[in-house]
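The residues making up each chain are set out below.
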Amino acid sequence: MRELSGACMCGAVKLRVRTGATEARECHCTQCRRQSGHVLAFLTVPWDAVDWQGAPAIYRHTEKADRGFCAGCGSYLYWRERSSDMVDLSAGMFDAPTGLHLGPPSFTGNKGDYYDVSPWSAAE
Ligand SMILES: [Zn+2]
Ligand SMILES: [Zn+2]
């Protein structure tokens, strides 16, 4: 276990999370591409493991799921299914050294037609 810290672009929302997770995943789904402009990367952790400073704004993007963002600067913070104990945090907000690496990408079947996803292989 280690503690990661992170923040949105303007610093109004910060977080600390205690986690042993080290594998982030890129999501190529249409919603993530529309929200972020291209591809988002997530670190999945228990919701209870996250200590927020400043309240994320919430966009209810489906009946079942929320997307947290900063109301001040618009930074993407998380995706969460409301019935789940877990949350997908935006990997890009964490302060270095993160100790993270990218695992296999998600939803590559929904990727944009303007790029290719390289076949993923674990780092040796
Ligand atoms: Zn912000
Ligand atoms: Zn996605």
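Here is a short report on the structure shown in this document. (Residues numbered from 1 in each chain as written. Chains lettered and ligands numbered in written order. Predicted model: local features only at pLDDT ≥ 70, side-chain atom pairs only at ≥ 80, totals over all residues. Heavy atoms only, no water.)

**Details of the coordination of the zinc ion (ligand 2)**
At this site the zinc ion (ligand 2) is bound by Cys27 (SG), Cys29 (SG) and Cys32 (SG), with donor distances of 2.2 to 2.3 Å. Read N to C, the donor residues that coordinate the zinc ion (ligand 2) are spaced as C-x1-C-x2-C. (Donors = N, O, S within 2.8 Å, 3.2 Å for Na, K, Ca; no water.)

**A short note on the coordination of the zinc ion (ligand 1)**
At the metal site, the zinc ion (ligand 1) is ligated by Cys8 (SG), Cys10 (SG), Cys70 (SG) and Cys73 (SG), and these contacts range over 2.3 to 2.4 Å. Classification of the site at the zinc ion (ligand 1) as tetrahedral follows from its 4 donor atoms and the range of 106 to 114 degrees in their angles at the metal. In primary-sequence terms, the residues that donate to the zinc ion (ligand 1) follow C-x1-C-x59-C-x2-C. According to the relative accessible area criterion, Cys70 is buried, its value standing at 3%. Given a relative accessible area of 23%, Cys73 falls into the partly exposed group. (Tetrahedral: all angles 85-135°; square planar, octahedral: opposite > 155°, others 65-115°. Buried < 20%, exposed > 50% of the residue type's maximum accessible area, 1.4 Å probe, protein only.)

**Let's talk about the packing of aromatic side chains**
Scanning all chains against the criterion turns up 5 aromatic pairs. Ring centres 5.3 Å apart and planes at 65 degrees place the aromatic pair Trp47 and Tyr78 in the edge-to-face group. Remark: Tyr78 occurs in strand S8 (residues 76-81) and Trp47 occurs in the loop between strand S4 (40-46) and strand S5 (50-53); sequence separation between them is 31 residues. A relative accessible area of 23% means that Trp47 is categorised as partly exposed. A ring pair is formed by Tyr114 and Tyr115, whose centres lie 4.8 Å apart and whose planes are at 65 degrees; its orientation type is edge-to-face. Through pairs of rings, three or more aromatic residues link up here, namely Trp47, Trp52 and Tyr78. (Phe/Tyr/Trp six-rings, centres within 6.5 Å; stacked < 30°, edge-to-face > 60°. Helix = DSSP H or I, 4+ residues; strand = E, 2+ residues; numbered from the N terminus.)

**A short note on the sheet that holds strand S3 (residues 23-27)**
Reading across the sheet, the 7 strands line up as S6-S7-S8-S9-S4-S3-S10 and stay open at both edges, with mixed pairing between neighbours. Bordering the open sheet on either side are strand S6 (57-60) and strand S10 (101-102), each of which pairs with just one other strand. Relative to S10, S3 is paired through 2 bridges, and the arrangement is parallel. Bridging across to S10, Glu23 finds its partner in His101. (Pairing = 2+ DSSP bridges.)

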